[in-house]
Amino acid sequence: MDLAETVTFGGLLGIPGGGLGRDRAAQLRGDGAGLGALAARAGARRLVLQGGAPVVVGPTEAPRLLRLALGDLDPEARGEGTAFLGLDEGGAEGVWVEEAGEGAPLPEGARTDDLRALAPHLPPAEAEMAATGRALLGWQAGHRFCSRCGAASLPAQAGWQRTCPACGAHHFPRTDPVVIMLVERGGRVLLGRSPGWPEGMHSLLAGFIEPGETVEAAVRREVAEETGVRVGRVGYLASQPWPFPASLMLGCRGEGLSEKIEVDPQEVESALWVSRERLLRAFAGEDAAIRAPRRGSIAAFILREWLADRLD
Ligand SMILES: [Zn+2]
């Protein structure tokens, strides 16, 4: 899929085949002198999250991440709630991220907003930095204790690891793989909705990959469990980091082998086969019963590419 990496949070600038990702400068994470030199430059900046939500400035339709001078932030990120994100999109200056804490005062004109709502309006590199920061700091906050021995663990590698002073274990940020699939049959796609979603919203089926399972097996199992539909051939389309809190969405395409839908009400409220014409109406907000998935999600991305016949 040529445009796979242009997905929201993908960080690329619309160049098929990739190559323009931001430099995370991972070699500096354990290099105190190198981080210190980068932090001493006048262009060094920190991004700010508050309760995991990015702090932004500017108009609603064109927000930008707030970038502050480093101040007293430790460039090696040896404290909780900070991390080194690498170089900024210009490739010369270092960028860090910190969690300001709920209720902390913000600079005048700055505000927080939900990253899912912001992302489609941010420049691609900023969406990627915000997603990376949220995933990393969320992992830090939820993994304060060693999962091997239970002792309090300490940040290391500029926020990208935690080490246990009691047993010596190293812990790494989690990324949990999720399959999300466009199942096709006879020119229609299978959409479902989960209980609790906004009224009428339908999307692609999705589910966590289980231990010991391939991507293909997870696609077939999830679709069968949720709707009873059998899936044959499965192919990969595109991926999207989804830091709510730590998912990696693996977008796939599957061939529907059976028609009949029997939903599992525990997982899916309803599911149905939707034609191109009806999906176009849903995206236009003109279908009385179906609302399309939100802009910025990989589900909306894949469905729009399918409508445009650009999945191959
Ligand atoms: Zn331990």
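All of these numbers come straight from a predicted model, not from anything done at the bench.

Asks: Just to check I follow, could you spell out the coordination of the zinc ion for this structure?
Replies: By definition of the ideal shapes, four donors in a tetrahedron about a metal sit 109.5 degrees apart, and six donors in an octahedron sit 90 or 180 degrees apart. Around the zinc ion, the protein contributes the donor atoms Cys146 (SG), Cys149 (SG), Cys164 (SG) and Cys167 (SG), which lie 2.3 to 2.4 Å from the metal centre. One way to put it: the four donor atoms around the zinc ion meet at angles of 101 to 116°, and that makes the site tetrahedral. Along the chain, the residues donating to the zinc ion are arranged with the sequence spacing C-x2-C-x14-C-x2-C. Accessibility expressed as a relative area gives 4% for cysteine 146, which makes it buried. Its relative accessible area of 41% is what places cysteine 149 among the partly exposed residues.

Asks: I'm lost on the packing of helix 5 (residues 276-283) against helix 6 (residues 298-307) in this one. Help?
Replies: The relative placement of two packed helices comes down to the angle between their axes together with the axis-to-axis distance. Relative to each other, helix 5 and helix 6 sit at 130°, their axes nearing to 11 Å. Classed by the angle they form, the pair helix 5 and helix 6 counts as oblique. Here helix 5 and helix 6 pass one another in a crossing that is left-handed. Counting all contacts with helix 5, which are made through Arg276, Leu279, Leu280 and Phe283, the residues of helix 6 involved are Ala300, Leu303, Arg304, Trp306 and Leu307. Residues that form the contact of helix 5 with helix 6 fall into these classes: seven nonpolar, no polar and two charged.

About the criteria used
- Residues numbered from 1 in each chain as written.
- Predicted model: local features only at pLDDT ≥ 70, side-chain atom pairs only at ≥ 80, totals over all residues.
- Heavy atoms only, no water.
- Donors = N, O, S within 2.8 Å, 3.2 Å for Na, K, Ca; no water.
- Tetrahedral: all angles 85-135°; square planar, octahedral: opposite > 155°, others 65-115°.
- Buried < 20%, exposed > 50% of the residue type's maximum accessible area, 1.4 Å probe, protein only.
- Axes fitted to C-alpha atoms, helices over the stretch in contact; angles between N-to-C directions.
- Helix = DSSP H or I, 4+ residues; strand = E, 2+ residues; numbered from the N terminus.
- Parallel < 35°, antiparallel > 145°, perpendicular 65-115°, else oblique.
- Left-handed = near helix turned anticlockwise from the far one by under 90°.
- Contact = heavy atoms within 4.5 Å.
- Nonpolar A, V, L, I, M, F, W, Y, C, P; charged D, E, K, R; others polar.

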